[in-house]
Amino acid sequence: MTQVTDHGGGVRSLRVPIPDNPLGHTLVYVVDTDRGPVLIDTGWDDPESWDTLAEGLTACGTSAAEIHGVVITHHHPDHHGLSGRVRQASGAWIAMHAADTAVVRRTREARPERWFTYMAAKLAAAGAPEEHIAPLRRPGRRALPGLSPALPDRDIVPGELLDLPGRRLRAIWTPGHTPGHVCLHLEEAHPAQLPGHGRLFSGDHLLPGITPHIGLYEDPEDTTVTDPLGDYLDSLERVGRLAPAEILPAHQHPFSDATARVDALLAHHESRLTDLLTLLAEPLTPWQLAERMEWNRPWTEIPYGSRTIAVSEAEAHLRRLVKRGRAEAVAGSEPVMYVAV
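Keep in mind it's a predicted model, so treat the numbers as computed, not measured.

Novice: Looking at this structure, I do not really get helix 8 (residues 258-279). What am I missing?
Specialist: The α-helix winds at 3.6 residues per turn, so residues separated by three or four positions along the chain end up facing the same way. In a regular helix each residue adds 1.5 Å, so 22 residues correspond to 32 Å; helix 8 covers 32 Å between its end C-alpha atoms and thus fits that length. Among all positions in helix 8, only Ala-258, Arg-261, Val-262, Leu-265, Leu-266, His-269, Arg-272, Leu-273, Leu-276 and Leu-277 are buried. Mapping the buried residues of helix 8 onto a view down its axis gives an arc of 160 degrees, with all of them on the same face. On the buried face of helix 8, the contacting elements are helix 7 (228-242), strand 11 (246-249), helix 9 (286-292), helix 10 (304-323) and strand 13 (338-340).

Novice: Would you take a moment to explain the nonpolar core for this structure?
Specialist: Here is a general trend for soluble globular proteins: nonpolar side chains tend to be buried in one another's company. In this structure, Leu-206, Tyr-232, Leu-236, Leu-280, Leu-289, Trp-299 and Leu-321 are the most contacted members of the largest nonpolar core, which totals 46 residues. Those elements giving two or more residues to this core turn out to be helix 5 (112-125), helix 6 (130-137), helix 7, helix 8, helix 9 and helix 10. A total of seven residues in this core trace back to one element, the largest contributor, which is helix 8. With 20 residues, the next largest nonpolar core counts Val-16, Val-28, Cys-60 and Val-86 among its residues.

Novice: Looking at this structure, I do not really get the packing of aromatic side chains. What am I missing?
Specialist: Aromatic rings in a pair are described by how distant their centres are and how their planes are angled relative to each other. Taken as a whole, this structure holds three aromatic pairs when the rule is applied. Here the basic side chain of Arg-272 rests over the ring of Trp-295, its NZ or CZ set 4.5 Å away from the ring centre.

Novice: Explanation requested: unusual backbone geometry in the structure shown.
Specialist: For residues besides glycine, phi is generally negative; the peptide bonds are generally trans as well. Across the junction of Glu-334 and Pro-335, the peptide omega takes the value 0 degrees, indicating a cis bond. Within the element layout of this structure, Pro-335 appears in the loop between strand 12 (327-329) and strand 13. In this model, Asp-41 sits at a positive phi of 70 degrees, which is unusual for a non-glycine residue. Within the element layout of this structure, Asp-41 appears in the loop between strand 4 (38-40) and helix 1 (47-59). Unlike most non-glycine residues, Gln-252 shows phi in positive territory, near 75 degrees. Examined against the element boundaries, Gln-252 turns out to sit in the loop between strand 11 and helix 8. On the accessibility criterion, Gln-252 (29% relative accessible area) is partly exposed.

Calculation rules
Residues numbered from 1 in each chain as written. Predicted model: local features only at pLDDT ≥ 70, side-chain atom pairs only at ≥ 80, totals over all residues. Heavy atoms only, no water. Helix = DSSP H or I, 4+ residues; strand = E, 2+ residues; numbered from the N terminus. Expected span 1.5 Å × (residues − 1). Buried < 20%, exposed > 50% of the residue type's maximum accessible area, 1.4 Å probe, protein only. Arc of directions from axis to C-beta. Contact = heavy atoms within 4.5 Å. Core = buried A, V, L, I, M, F, W, Y, C linked by side-chain atoms within 4.5 Å. Phe/Tyr/Trp six-rings, centres within 6.5 Å; stacked < 30°, edge-to-face > 60°. Lys NZ or Arg CZ within 6 Å of the ring centre and 35° of its normal.

What follows is the structure, encoded as structure tokens:
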């Protein structure tokens, strides 16, 4: 049975399952407006997930056919996956920040082989061993999820109110987890009168007990040296200044005291950067650095796909250290190695 939670003030959430994922589910929010319900995120594109979403909407007294619009916090498939099916059922508009819409458009247009070739080259440059890269070069590779995501038809413009009749929902651009991640600030009195400024739908940006993945923004066509961790830390401070009464995240559970959680995440990343400088007393490739970093389990127990994600996170931290002038690439090293300075 679908679990529906009423958060008051015309806001409810549905727990939409993510298949074979330790996160378990995405919290999809149903926001009442004067023109019908609007969804914030939709969940993974999977038959069980769709059935759960449909059952939850029925429990809320509505249906997929009555959805007025879909607001997506970011392009990842556990958030954007079912958007196309919702639009097909209802004719709803889909809104996303332009930076993530560009990712969706690129994903729709690129052949999967292009992505696998790009990832193989990227991992080789990071110092990954051949046994890790080899599966990306094999014919008959398992298809990646979310290769045909729905193309949004509205832009979420940072700082502006979304077109939700009867509601005040303002977009806050919070890049880091993805280049176009947005939080959504419901600028209305908290229904339980909690102290603070409204409620914040935080997507994956601010979660009560998880540090969101911060890796490199993957764009095979873009040679710009981005700084996703720097973007994320700046975005955290921006959200902290909002001082919302309550955070409504996309995973786990709602919570209050956003300022304390922001401070804890800032401290976590500063501590991690300090630890990495110690590791970089000797030159290391990004892969070697990832092997030595502290994760939620030993490196030998981290599965294949998660190792790729871990290396991307190591590279994002390296970019931040280089930008701060605390680390640099070793001239002439191939694959490239980094050392503390």
